[in-house]
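# Residue-level structural notes
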Amino acid sequence: TKYEATKLAETTRDLSIEYGGSIEEIDNLALTLGRAGVAMKELASATELTLQLAKITGDSLEDSSKVVSSFMLAFKMTSAEVKILGNQLAYAANASKLSIEDLGTMANYALSGAQAMGIAEEQVLALATAFSNVGVNASTIGTQIRKMGKLIRDESETSAKFFSQIGVTQKQVFDNLQKDI
């Protein structure tokens, strides 16, 4: 609506004053997030989060907007959840060898599978941080998280045998992934 557009324009102006940068740059950031599927009612908080994330990590607005929109869309986040996401992403980037761009790469491979398994975003980021800190690159991390989801849902005899050999059942692994960390 016209009211929402006017409100968003006021917000981007205020954000440019608070965080520095041109109004055009921040308008483009909001546009990028909107094109990525972020709902109009979530755009202001997503835009502010992206600015904060880029400033904290030193990564680009473009990379920050990609990872924020990927997580928001995969986990269907609200404005309140977006604020927590920013802290989680910054922590993961700072606690690992992953940049925000790397987290975006990982997200492209991992999030749909993780979301389908019921793994929360903080669990995905914890896995990504752990894998990164032992030298695994971003795309491989994402692929492995996606493969883990397929393995847990695979009802073949081979998968059941694998889990049996490591002393657990697929259901136990799946149930443990559902628990809060």
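Below: a short report on this structure. Small disclaimer: the values here were computed from a predicted structure and weren't measured. (Residues numbered from 1 in each chain as written. Predicted model: local features only at pLDDT ≥ 70, side-chain atom pairs only at ≥ 80, totals over all residues. Heavy atoms only, no water.)

Let's shift gears to the overall build of the protein. Looking only at helices and strands, the protein features ten helices and zero strands. For the protein, the α and β elements follow one another from N to C terminus as α-α-α-α-α-α-α-α-α-α. With respect to the principal axes defined by its C-alpha atoms, the protein has extents near 60 × 35 × 25 Å. Put simply, the protein has 181 residues, and 39% of those count as buried. Taking the contacts inside the protein whose residues are at least 6 apart along the sequence as the reference set, 63% of them involve residues at least 24 apart. (Helix = DSSP H or I, 4+ residues; strand = E, 2+ residues; numbered from the N terminus. Buried < 20%, exposed > 50% of the residue type's maximum accessible area, 1.4 Å probe, protein only. Contact = heavy atoms within 4.5 Å.)

Position of Lys-161 relative to the elements: it lies in helix H9 (residues 157-165). The exposure class of Lys-161 is exposed, given its relative accessible area of 54%. Distance from Lys-161 to Gln-172, taken between C-alpha atoms, is 14 Å for residues eleven residues apart in sequence.

Right, let's get into helix H1 (residues 2-19). Its 18 residues give H1 an end-to-end C-alpha distance of 25 Å, which sits within 8% of 26 Å, the value for a rise of 1.5 Å per residue. Those residues of H1 hidden inside the fold are in contact with helix H2 (23-35) and helix H3 (40-57). At the C-terminal side of H1, Gly-20 shows a positive phi close to 80°. (Expected span 1.5 Å × (residues − 1).)

With that settled, consider the nonpolar core. The biggest cluster of nonpolar side chains holds 44 residues, and the ones touching the most others in it are Val-67, Phe-71, Met-72, Leu-89, Leu-103, Met-106 and Val-124. Contributions of two or more residues to this core are made by H1, H2, H3, helix H4 (61-75), helix H5 (79-95), helix H6 (100-117), helix H7 (121-133) and helix H8 (138-153). Of the residues forming this core, the biggest block, eight residues, is contributed by H6. Not counting chain neighbours up to four residues away, the residues in contact with Leu-89 comprise Leu-53, Val-67, Val-68, Phe-71, Ile-100, Leu-103 and Leu-125. (Core = buried A, V, L, I, M, F, W, Y, C linked by side-chain atoms within 4.5 Å.)

Another aspect to go through is the packing of aromatic side chains. Within this structure, the stated rule accounts for two aromatic pairs. Taking the centre distance of 6.1 Å and the plane angle of 25° together, the rings of Phe-71 and Phe-75 count as stacked. Taken as a pair, Phe-71 and Phe-75 lie in helix H4 at a separation of four residues, close to a single helical turn. For Phe-71, a relative accessible area of 0% puts it in the buried group. (Phe/Tyr/Trp six-rings, centres within 6.5 Å; stacked < 30°, edge-to-face > 60°.)

Here the focus is H3. With 18 residues, H3 extends 26 Å from end C-alpha to end C-alpha; this agrees with the ideal 26 Å at 1.5 Å per step. Glu-42, Leu-43, Ser-45, Ala-46, Thr-47, Leu-49, Thr-50, Leu-51, Leu-53 and Ala-54 are the residues of H3 that are buried. At its buried positions, H3 is contacted by H1, H2, H4, H5 and H6. Immediately downstream of H3, the backbone of Gly-58 shows phi near 80°, a positive value.

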